[in-house]
Amino acid sequence: MNIVFLSASGQLGGAETSLLDILASVRQAQPGWKLGLISCEDGPLLRRANGLGVETRALPFPQTIACLGDSAGVGRLKLLFGMLRGSAAGILYVRRLRRVLRDMAPQLIHSNGFKTHVLSVWAGPRKIPVIWHVHDYVRPRFIMARLLRAHVCRCAAMIANSHSVAGELRGIFPRGIKIHPVYNGVDLQRFSPVGPRLDLDALSGLPLAANGIVRVGLVATFARWKGHGVFLHALALLPAGLPIRAYVIGGPIYQTDDSQLQIDELRGLARELGISDKVGFTGFVEEPAAAMRALDIVVHASTQPEPFGLVITEAMACGRAVIASQAGGAAELIAPGKNALAHLPGDAGELARCISELVLSPRQRAALGVAGQESARTRFDRGDLARQLIPIYREAAAAAQ
Ligand code: GLC
């Protein structure tokens, strides 16, 4: 089998990390298969895929297309104008992609993001089956939802990263479309309790924290709905004197500027809330496992239902105590009180209560860490991905014969 994967981003956000895990798992299960990756942006994704023996090509989007995004909060009018501006460049881009795809001659295309779902139909050779791997809810994306509906007749199957996302897709697309929920996998070698730890204080430019301090961090991309504001508000509600230092770990890595926060906005909010001395901002970190190992508590605080929440499973695999926002696919990953604590999206008060409970109880942190690791090992081992995906690939390829 020869499969070409398409990624809109070359950075390592959740969807791209998940793609690397798929490549690693399929490569190991089927060493004879040819795997290729075309990314619409150069970046660490290509280098990492290359290291797995995948043939990689960067085909950068023109800037007018790269910065388009229609996640919630972005003005629709602005987006429409952007699309119009992008259209001439868009046509040329589709032609180039078509040529590269012809050259790589796949038997199957696996597209990993909304933009590439549409592109896979525009540029994919007619008889080659296309699989859309859906990592985010479609409904909040006004224009993309319509574009996908218009092109879905060319989609052989969809993979959804949770039952919650699969359920949404079933309500949007015609009944005949095959929709397979497949949870993301975690590389349990990299995400384990043992290994190097980042010096989060040095990275954030803070003095070394005193012994006995409990480190709490939000690890997330800078999408506006990831709940950085809720995290900072929760920190401001904590009782004075709690031995805690907090970190915001991550940075704006995508090219869709309007839908992302900037670190200065968050520093400003921390100042307003009077917590600047309690919280450090590390910026983007290459090795999230080493950042998580340096934390005692990993917080997930998305304000909208989280489609999956890779960071939750990665933190569990590292044996950290996790506090998650319980909605969407993320709610499928946790058993509150057993392998994580939970708060409702946007509820800073409840999040603050969960944080102080865990700061004061090393025993509970340890118990959650042990149970989380067990969940990661039994439910989210990336080795299982190939077992689930290969039959989906085979079925799509056979149906196209
Ligand atoms: C997207 C989703 C996130 C998920 C990741 C990997 O980034 O928003 O919830 O963890 O994809 O599937």
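Heads up: these notes are all about the structure in this document. Since the structure is predicted, the reported quantities are computational estimates derived from the model, not experimental observations.

Turning our eyes to something else, we now look at unusual backbone geometry. Negative phi is the rule for most residues except glycine; trans is the rule for most peptide bonds. Positive phi, close to 45°, is recorded for Ala-105, a residue that is not glycine. One can find Ala-105 in the loop between helix H4 (76-104) and strand S4 (108-111). Assessed through its relative accessible area of 47%, Ala-105 is described here as partly exposed.

The end-to-end C-alpha distance of helix H16 (residues 383-400), which contains 18 residues, comes to 27 Å, matching closely the 26 Å that a straight helix rising 1.5 Å per residue would cover. The sharpest bend along H16 measures roughly 30° and falls at Leu-389, with the proline Pro-391 sitting one to four residues further on. Among the residues making up H16, those that are buried are Leu-385, Ala-386, Leu-389, Ile-390, Ile-392, Tyr-393, Ala-396 and Ala-397. Turning to H16, the residues buried within the fold contact strand S1 (2-7), helix H1 (14-29), S4, strand S5 (130-134), strand S6 (155-160) and strand S7 (179-181).

Pairing is parallel in the open sheet, where 6 strands are placed in the order S10-S9-S8-S11-S12-S13. Since the sheet does not close on itself, it has two edges, and those belong to strand S10 (279-283) and strand S13 (341-343), each with one partner. Each strand of the sheet is rotated relative to its neighbour by a mean of 20°, with strand direction disregarded. Relative to S13, strand S12 (residues 321-325) is paired through 3 bridges, and the arrangement is parallel. Across the sheet, the residue bridging to Ile-323 is Leu-341, located in S13. Contacting strand S8 (214-219), strand S11 (297-299) and S12, helix H12 (residues 310-317) crosses the sheet at an angle of about 165° to S12.

Turning to the nonpolar core, a few remarks are in order. Membership of the largest hydrophobic core comes to 40 residues, with the highest contact counts inside it found for Ile-38, Leu-97, Trp-132, Met-158 and Leu-169. Going through the elements one at a time, S1, helix H3 (63-66), H4, helix H5 (114-123), S5, helix H6 (142-151), S6 and helix H7 (163-172) are the ones with two or more residues in this core. Counting residues per element, this core draws most heavily on H4, which supplies 6 residues. In this structure, Leu-169 is in contact with Val-134, Val-138, Met-158, Ala-160 and Ile-179, ignoring residues within four places of it in sequence. Counting 36 residues, the second largest nonpolar core, distinct from the first, contains Val-230, Val-248, Leu-269 and Leu-358.

What follows covers the pattern of salt bridges. What the rule picks out here adds up to 12 salt bridges. When the shortest N-O distance is used, the salt bridge between Lys-34 and Glu-55 registers 3.9 Å. Here the residue Lys-34 occupies a position in strand S2 (residues 34-39), and Glu-55 occupies one in strand S3 (residues 55-58), the gap between them amounting to 21 residues. With a relative accessible area of 44%, Lys-34 lands in the partly exposed category. Note that Arg-245 and Asp-201 form a salt bridge whose closest N and O atoms lie 2.7 Å from each other. With Arg-245 in strand S9 (residues 244-249) and Asp-201 in helix H8 (residues 200-204), the pair connects residues that are 44 residues apart, well separated along the chain. Relative accessible area serves as the criterion here: at 2%, Asp-201 is assigned to the buried category.

Another aspect to go through is the site of the ligand. Neighbouring the ligand are Gly-14, Ala-15, His-135, Asp-136, Asn-161, Asn-184, Trp-225, Glu-306, Pro-307, Phe-308, Gly-309 and Leu-310. Contact between the ligand and Phe-308: an oxygen atom at 3.0 Å from a main-chain N or O atom of the residue. Protein burial of the ligand: of its 310 Å² of free accessible surface, 92% is covered by the chains. When its residues are assigned to classes, the shell around the ligand shows 5 nonpolar, 5 polar and 2 charged.

This paragraph deals with empty space enclosed by the protein. Applying the stated rule across the entire model yields 2 cavities of 30 Å³ or more. If you add up the space inside the second largest cavity, you get close to 30 Å³. In this structure, the second largest cavity is lined by Asn-2, Val-4, Lys-34, Leu-35, Gly-36, Glu-55 and Met-104. Looking at the lining of the second largest cavity, the elements that each hand over two or more residues are S1 and S2. Ranked by residues supplied to the lining of the second largest cavity, first place goes to S2 with 3 residues. Of the residues in the lining of the second largest cavity, the class split is 3 nonpolar, 2 polar and 2 charged.

Quick notes on the rules
- Residues numbered from 1 in each chain as written.
- Predicted model: local features only at pLDDT ≥ 70, side-chain atom pairs only at ≥ 80, totals over all residues.
- Heavy atoms only, no water.
- Helix = DSSP H or I, 4+ residues; strand = E, 2+ residues; numbered from the N terminus.
- Buried < 20%, exposed > 50% of the residue type's maximum accessible area, 1.4 Å probe, protein only.
- Expected span 1.5 Å × (residues − 1).
- Bend = angle between axes of the 7 residues up to and from the residue.
- Contact = heavy atoms within 4.5 Å.
- Pairing = 2+ DSSP bridges.
- Axes fitted to C-alpha atoms, helices over the stretch in contact; angles between N-to-C directions.
- Core = buried A, V, L, I, M, F, W, Y, C linked by side-chain atoms within 4.5 Å.
- Salt bridge = Lys/Arg side-chain N within 4 Å of Asp/Glu carboxyl O.
- Near = heavy atom within 4 Å.
- Polar contact = N/O pair within 3.5 Å; in protein donor to acceptor, adjacent residues only side chain to side chain.
- Areas by Shrake-Rupley, 256 points an atom, 1.4 Å probe, with all protein chains shown as cover.
- Nonpolar A, V, L, I, M, F, W, Y, C, P; charged D, E, K, R; others polar.
- 1 Å grid on protein atoms, 1.4 Å probe; cavity = no way out; pocket = protein on both sides within 12 Å on 5 of 7 lines; lining within 4 Å.
- Points joined across faces, edges and corners; volume = space filled by probe spheres on them.

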